[in-house]
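# Structural characterization, general
Each chain, written out:
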Amino acid sequence: QVQLVESGGGLVQPGGSLRLSCAASGSIFRIYDMGWDRQAPGKQRELVAVINSGGRTNYADSVKGRFTISRDNAKNTVYLQMNSLKPEDTAVYYCNADHQNSGSSVLVNYWGQGTQVIVSS
């Protein structure tokens, strides 16, 4: 089993910044893609950003140029630097990771418990 624990959420004013972290722990063999999704009240969960093990990234159009995803493979940790935050960025942010267990070719997708981000004046 792999556990993902997010941190770094909170309340920030519009135009401000936050940095989210998500650390994976447990029986880790190999982690492939890591990413962040978010879910705002009354809305469907949406992809925010994803990064593969080689560092290639992909972003939702709504966050391009404002958010930066990065990872530290040695620490099994993914980060989301969020700048120029807007009220519409308010949501619960979830990290996720695709993990390959030792001796298996199957990838299992794990999710964290979520961290709340509120952008408000």
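For the structure, see preceding data.
Keep in mind that this is a model prediction, so the values were computed, not measured.

### Some remarks on the overall build of the protein chain
A count of helical and extended segments in the protein chain gives zero helices and 11 strands. The helix and strand sequence of the protein chain, counted from the amino end, reads β-β-β-β-β-β-β-β-β-β-β. In terms of C-alpha radius of gyration, the protein chain reaches 14 Å, essentially the compact-globule figure of 14 Å for 121 residues. Projected onto its principal axes, the C-alpha coordinates of the protein chain cover approximately 50 × 25 × 25 Å. Residue burial in the protein chain is summarised as follows: out of 121 residues, 41% are buried. Looking at the protein chain alone, contacts between residues at least 24 apart form 55% of all its contacts between residues at least 6 apart. Working note: accessible area of the protein chain is about 6400 Å², and carbon and sulfur atoms make up 46% of it.

### Some points on the packing of aromatic side chains
Within this structure, the stated rule accounts for zero aromatic pairs. Looking at Arg45, its charged tip hangs above the ring of Tyr94, at a distance of 3.8 Å from the centre.

### Some details on the nonpolar core
One finds Trp36, Leu80, Met82 and Tyr93 to be the most contacted residues of the largest nonpolar core, which totals 30 residues. Sorting the residues of this core by element identifies strand S1 (2-7), strand S3 (18-26), strand S4 (30-39), strand S5 (46-51), strand S7 (67-72), strand S8 (77-82), strand S9 (91-100) and strand S11 (115-119) as the ones contributing at least two each.

### As for the pattern of salt bridges
Evaluated as defined, the whole model comprises four salt bridges. Among the salt bridges present, the one from Glu46 reaches Arg38, with a minimum N-O distance of 2.7 Å. Given the relative accessible area of 6%, Arg38 is considered buried. Through salt bridges with shared partners, one network takes in Arg38, Glu46, Arg66 and Asp89.

What counts and what doesn't
Residues numbered from 1 in each chain as written. Predicted model: local features only at pLDDT ≥ 70, side-chain atom pairs only at ≥ 80, totals over all residues. Heavy atoms only, no water. Helix = DSSP H or I, 4+ residues; strand = E, 2+ residues; numbered from the N terminus. Rg over C-alpha atoms; globule rule 2.2 N^0.38 Å. Buried < 20%, exposed > 50% of the residue type's maximum accessible area, 1.4 Å probe, protein only. Contact = heavy atoms within 4.5 Å. Areas by Shrake-Rupley, 256 points an atom, 1.4 Å probe, with all protein chains shown as cover. Phe/Tyr/Trp six-rings, centres within 6.5 Å; stacked < 30°, edge-to-face > 60°. Lys NZ or Arg CZ within 6 Å of the ring centre and 35° of its normal. Core = buried A, V, L, I, M, F, W, Y, C linked by side-chain atoms within 4.5 Å. Salt bridge = Lys/Arg side-chain N within 4 Å of Asp/Glu carboxyl O.

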